[in-house]
Amino acid sequence: MNDILTLMTPRLLSFRNKKGNTARLLLLGIIGVAFWGGLFAVSLRLLSYFQSIEELGNILAWKLLSMVMVIYFSLLVFSSILTALSKLFLSKDLLLVHAMPVKTYKIFCARWIESAVDSSWTIIIFTLPVLISYGIVFKAGLFFYILILLVLLLLSLIASIISAVVVMVTVIIIPPGRIKSVFVFLGLLLFLLLYLAFRVVRPERLVDPEAFESFLSYLKILQTPSAPYLPSTWAFDAIQASLTGITHTLYLNFSLLAACGGAMIFISLIIADAIYMKGVSKSQTARKTLRKPRVPQNPRVLSFLPMHVQAYVIKEIKVFFRDQTQWSQIFLILALIVIYIYNFKVLPLERAPIKTVYLQNILAFLNIGLASFVLTAITGRFAYPAVSLEGEAFWIVASSPIRLKTFLWIKYFIYFVPLLILTEGLIIATNILLQVSPFMMWLSIITILFIVPTVVALGIGLGAAYPDFNSENAAQAITSFGGLIFMMIAAVYITAVISLEAGPVYRIFMSGIYDRSIHMSQWVWIFGAFTLAVLISIFTVIFSMTYGVRRLTRISRRME
């Protein structure tokens, strides 16, 4: 045990020795508490509403709890696989650690503990408000809150152990450098298939008993049992038994969880002692093969650009398609876009209590904000980490004869064009399905025409201002302090633009419906609101890119 604690000491000391991050931690803490509180409020309100439904309330609450536990366990497994792969086989300090006079299974145990903590703490924190709301609604005692914490910890332990064993066995078969890409692609594919199946089933019918032939068939669908051999099912049964007071069921399922966790630890240590060192040796000696780039050196479509700009564009395209974790997510994005559009197609507008002409245009206007937030998420995933992905080779860019300003604007336009086409296509497709008025169609197109360049500028500019050249993948860059700042500013900007346009759009739309004229003072107000939205967009683009260039220049000078 002392050897394991010694191996984990550098990680523990790294938290204590961090200085100068008080403001960042405070900001992150405030945002985390706000999100936690919002999730708790929504969960409490939803469960309270379920309790107001006679006979069906408890069934809906248990179904929701079952879904929460399945999703929790699934997220833990996927997160643990990626974290365990990095901790056990791809970390930079493995050569030093394995040179120590310590048994292999102890090194595995220390690495596994770090992996389990890293992969589960966030999921545990943001699952607790949902489970706490169950305790409040069902008036549970102190024992329930202790139980849910123990259950979540046991589920995290089981998920991390399963993931570590899967990774160790897979490393023996597949080169470690490719495993991460394989797991990411399979995870995205699995998520895509599950989400498509989820939408095809149309779960919104569960709140519409009229969609079923009888009340009994409705209850039968809601009470479909879960798989009895999954740890998430044992966790659900234990929590449900605690809320309903069925003591023997509680003890049985909690004992199953604890026994499974203990057995998995014992089995994993035996497997680690047998094959972990072989996997580490293979990961250190595996040779990376270089493939001949498929992108031509001078594509004709880029012939109008200067030679140095062509070189950077070609380099960005090559880097993007060489990284499977990058381009494989395009399939996920395309699938989500199809589902996004499909959701508008199945909207029951004809059954709404509001007139269709009002509802269609209201939804179209709100869809501008929704599509803008989708744009922000995609920008955060691809455009924001663009500078950070230069990695340790950034010194080549910094020492090249091309100015950093030109370098950032090249990256800006590389991501601006496809994101503009994507978002405009999304807006036009959904507006056609909603059959909106020509005014609302043109308003949506023009508004997105200003929002896209602004959000992309925020992503590139702030990504250059707060780069993380040590990040192993793009996901780590967006979860940094700069990524949080980008998401916050983008959300504030989108909210400001939508708020400025809301009043004038409503006035123009209602005047067209009731054939009323608009006074000169109102036209001044409308023109001023739209002009202010345009000026905010232009200012944000210029400020973001200028700020990014200035900060990146300082960083490059410190690297010299």
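Model, not experiment: these values are computed from the prediction. (Residues numbered from 1 in each chain as written. Predicted model: local features only at pLDDT ≥ 70, side-chain atom pairs only at ≥ 80, totals over all residues. Heavy atoms only, no water.)

## Focus on the overall build of the chain
On a plain count of helices and strands, the chain comes out with 20 helices and 0 strands. Counting the 560 residues in the chain, one finds 44% classified as buried. Taking the intrachain contacts of the chain between residues at least 6 apart in sequence as the baseline, contacts between residues at least 24 apart amount to 81%. A total of about 30600 Å² of accessible surface is found on the chain, and carbon and sulfur atoms cover 70% of it. (Helix = DSSP H or I, 4+ residues; strand = E, 2+ residues; numbered from the N terminus. Buried < 20%, exposed > 50% of the residue type's maximum accessible area, 1.4 Å probe, protein only. Contact = heavy atoms within 4.5 Å. Areas by Shrake-Rupley, 256 points an atom, 1.4 Å probe, with all protein chains shown as cover.)

## Examining the side chain of Lys411
Along the chain, Lys411 falls in helix α16 (residues 404-434). Excluding residues that lie within four positions of it along the chain, Lys411 makes contacts with Lys315, Glu316, Ala386, Val387, Glu390 and Ile460.

## Quick word on helix α5 (residues 104-137)
Counting along an α-helix, one turn takes 3.6 residues, and residues three or four places apart therefore face a common direction. In a regular helix each residue adds 1.5 Å, so 34 residues correspond to 50 Å; α5 covers 48 Å between its end C-alpha atoms and thus fits that length. The largest bend along α5 measures about 40° and falls at Ser120. For α5, the tally of buried residues reaches 24 of 34 residues, placing the bulk of the element in the interior. One or two positions beyond α5, positive phi appears at Lys139, with a value near 55°. (Expected span 1.5 Å × (residues − 1). Bend = angle between axes of the 7 residues up to and from the residue.)

## Looking at the packing of aromatic side chains
Taken as a whole and judged by the stated rule, the model has 14 aromatic pairs. Pairing Tyr412 with Phe416 gives two aromatic rings, centres 5.7 Å apart and planes at 5°, and the pair type is stacked. With a gap of 4 residues between them, Tyr412 and Phe416 both fall in helix α16, about one helical turn apart. Neither residue differs from the other here; Tyr412 and Phe416 are each classed as buried. Aromatic side chains Phe539 and Phe543 sit 5.8 Å apart centroid to centroid with 15° between the ring planes, which places their arrangement in the stacked category. Here Phe539 and its partner Phe543 are both found in helix α20 (residues 520-559), 4 residues apart, which amounts to about one turn of the helix. Using a relative accessible area of 46% as the deciding quantity, one classes Phe543 as partly exposed. Taken together, the ring pairs connect Trp409, Tyr412, Phe413 and Phe416 into an aromatic cluster. (Phe/Tyr/Trp six-rings, centres within 6.5 Å; stacked < 30°, edge-to-face > 60°.)

## Things to note about the nonpolar core
Grouped together as the largest cluster of nonpolar side chains are 65 residues, with contacts concentrated most on Met69, Phe89, Tyr134, Ile239 and Tyr276. Of all the secondary-structure elements, those providing two or more residues to this core are α1 (2-16), α2 (22-51), α3 (57-90), α4 (94-98), α5, α6 (142-173), α9 (231-244) and α10 (247-285). Of the residues forming this core, the biggest block, 15 residues, is contributed by α6. Residues Ile368, Ala371, Tyr412 and Phe469 belong to the second largest nonpolar core, which totals 63 residues. (Core = buried A, V, L, I, M, F, W, Y, C linked by side-chain atoms within 4.5 Å.)

## Some details on the environment of Thr170
Turning to its location among the elements, Thr170 is positioned in helix α6. With a relative accessible area of 16%, Thr170 lands in the buried category. A C-alpha to C-alpha distance of 8.9 Å links Thr170 and Gly279, two positions 109 residues apart in sequence.

## Looking at a nonpolar patch on the surface
On the surface, Leu142, Ile146, Leu149, Leu150 and Leu153 cluster together into a nonpolar patch covering about 460 Å² of accessible area. The exposure class assigned to Ile146 is partly exposed, which follows from its relative accessible area of 46%. (Patch = residues over 30% accessible without salt bridge, like charges linked within 9 Å, V, L, I, M, F, W, Y side chains within 5 Å. Salt bridge = Lys/Arg side-chain N within 4 Å of Asp/Glu carboxyl O.)

## Things to note about the packing of α3 against α6
Running from N to C, α3 and α6 cross one another at 45°; their axes reach a closest spacing of 7 Å. Our classification of the angle between α3 and α6 gives oblique. Helix-helix and strand crossings are classified by hand; for α3 and α6 the assignment is right-handed. The residue inventory of the contact of α3 with α6, partitioned by class, reads 20 nonpolar, 4 polar and no charged. (Axes fitted to C-alpha atoms, helices over the stretch in contact; angles between N-to-C directions. Parallel < 35°, antiparallel > 145°, perpendicular 65-115°, else oblique. Left-handed = near helix turned anticlockwise from the far one by under 90°. Nonpolar A, V, L, I, M, F, W, Y, C, P; charged D, E, K, R; others polar.)

## Some remarks on the confidence of the model for the chain
Of all residues in the chain, 73% attain a pLDDT of 70 or more, and the chain-wide mean is 77. Within the chain, helix α8 (residues 215-222) has the poorest average pLDDT of any element, 48, and helix α17 (residues 438-465) the best, 91. Note on residues 211-216: pLDDT is under 50 here. Beyond four places in sequence and across chains, it has 7 contacts. Contacts for the low-pLDDT stretch residues 218-222, under 50 throughout, to residues beyond four places or in other chains number 17 contacts. (pLDDT = per-residue confidence, 0-100.)

## Focus on the side chain of Ser119
Relative to the assigned elements, Ser119 resides in helix α5. A residue is classified by how much of its surface remains accessible, and Ser119, at 4% relative accessible area, is buried. Side-chain polar atoms of Ser119 contact the side chain of Ser80, separated by 3.2 Å. With residues up to four places along the chain from it excluded, the contact list for Ser119 reads Leu76, Ser79, Ser80 and Thr83. (Polar contact = N/O pair within 3.5 Å; in protein donor to acceptor, adjacent residues only side chain to side chain.)

## Quick word on the packing of α16 against α17
Between two packed helices, the angle of one axis relative to the other and the distance separating the axes together describe the packing. For the pair α16 and α17, interaxial distance at closest approach is 9 Å and the crossing angle is 150°. Of the possible angle classes, the one that applies to α16 and α17 is roughly antiparallel. Considering only the axes of α16 and α17, their crossing is right-handed. The residue inventory of the contact of α16 with α17, partitioned by class, reads 20 nonpolar, 3 polar and 2 charged.

## As for α16
Helix length check: α16, at 31 residues, gives a terminal C-alpha distance of 44 Å against a target of 45 Å (1.5 Å per residue), a fit within 8%. The largest bend along α16 reaches roughly 25° and is located at Phe416, with the proline Pro418 sitting one to four residues downstream.

## Describing unusual backbone geometry
If you check the backbone angles, Lys139 has positive phi at about 55° while not being a glycine. Locating Lys139 in the fold gives a position in the loop between α5 and α6.

## Brief notes about the environment of Leu426
With respect to the secondary-structure elements, Leu426 resides in helix α16. Sequence spacing of Leu426 and Asn367 is 59 residues, and the spatial spacing of their C-alpha atoms is 9.6 Å.

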